[in-house]
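Structural description and commentary
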Amino acid sequence: GAVVSQHPSRVICKSGTSVKIECRSLDFQATTMFWYRQFPKQSLMLMATSNEGSKATYEQGVEKDKFLINHASLTLSTLTVTSAHPEDSSFYICSAREPGAHYGYTFGSGTRLTVV
Amino acid sequence: DAKTTQPPSMDCAEGRAANLPCNHSTISGNEYVYWYRQIHSQGPQYIIHGLKNNETNEMASLIITEDRKSSTLILPHATLRDTAVYYCIVNLARSGGYQKVTFGIGTKLQVIP
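The text that follows walks through the structure, step by step, so that each part is easy to find. (Residues numbered from 1 in each chain as written. Chains lettered and ligands numbered in written order. Predicted model: local features only at pLDDT ≥ 70, side-chain atom pairs only at ≥ 80, totals over all residues. Heavy atoms only, no water.)

With respect to the overall build of chain A
- Along the backbone of chain A there are zero helices and 11 strands.
- In terms of overall dimensions, chain A is globule-like: its C-alpha atoms have a radius of gyration of 13 Å, near the 13 Å expected for 116 residues.
- When the 116 residues of chain A are sorted by exposure, 52% land in the buried category.
- Nonlocal contacts in chain A, meaning residues at least 24 apart in sequence, comprise 54% of its contacts between residues at least 6 apart.
- On chain A, roughly 5500 Å² of surface is accessible, and the fraction owed to carbon and sulfur atoms is 51%.
- When the 11 basic and 9 acidic side-chain charges of chain A are each reduced to a single mean position, those positions are 6 Å apart. (Helix = DSSP H or I, 4+ residues; strand = E, 2+ residues; numbered from the N terminus. Rg over C-alpha atoms; globule rule 2.2 N^0.38 Å. Buried < 20%, exposed > 50% of the residue type's maximum accessible area, 1.4 Å probe, protein only. Contact = heavy atoms within 4.5 Å. Areas by Shrake-Rupley, 256 points an atom, 1.4 Å probe, with all protein chains shown as cover. Lys, Arg positive; Asp, Glu negative; His and termini not counted. Charge placed at Lys NZ, Arg CZ, Asp CG, Glu CD.)

What about the sheet that holds strand S8 (residues 76–81) of chain A?
Residue and element names in this part refer to chain A.
- Pairing is antiparallel across the open sheet formed by four strands, whose spatial order is S1-S3-S8-S7. Edge positions in the sheet fall to strand S1 (4–7) and strand S7 (67–73), since each has one partner strand and no second. Averaged over all adjacent pairs, the angle separating strand axes in this sheet is 15°, with direction ignored. (Pairing = 2+ DSSP bridges. Axes fitted to C-alpha atoms, helices over the stretch in contact; angles between N-to-C directions.)

So, unusual backbone geometry
Residue and element names in this part refer to chain A.
- Here His-7 and Pro-8 are connected by a cis peptide whose omega angle stands at 0°.
- With respect to the secondary-structure elements, Pro-8 resides in the loop between S1 and strand S2 (10–13).
- Even without a glycine there, the phi angle at Lys-41 is positive, about 60°.
- Inspection of the secondary structure puts Lys-41 in the loop between strand S4 (32–38) and strand S5 (45–51).

Here's the deal with the pairing of strand S4 (residues 45–50) of chain B
- As paired strands, strand S3 (residues 31–38) of chain B and S4(B) are joined by five bridges and run antiparallel to one another. Considered in S4(B), the bridge of Val33(B) is made with Gly50(B).

Laid out in structure tokens, this is it:
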């Protein structure tokens, strides 16, 4: 089946710095990918839809200038958390769907971000 | 997307069948029922999906009521590795379409030795 690779799996950064998270579709092309955030003991919350070659679509309440999304190729989307603060510490997950597949979406393994 | 309702938690004895219910009373005729699970600190994993017929694969069985307003995911012989949060999601399965997938709270299944 389809594989979505996410990197890094864990990252610790200092407050005020930026962190980039990569999401790759390994064996298929994905014109659309999705980014989620998950706080402890909560469900996944959709942050934005990443569209190859165009601007991302952000969910209500998500700051687009803080969470920069770039989908420059058909297999790679990146999420950059800019000027990170401790409240941005969370589990970030991406997903994509293999074209023509009816088994739904494939999710990355997630990135645990800790801002200190 | 139609909303779903699931019990927040369930326990199941190891080796027994785990039956996880989901209500989706506002499901529309072309929406599929999907089940995913999330083991702690991992990304969600696809389990099974169906439209109106019952489905079975190597992981689980999916029973959908005739009126499609509810469904049950069955893990026939639960193991400790099945301890996870299980999400029931209703979504369109259009080939080439990209529907947003939104998650509810899911059911936290605890398999007990």
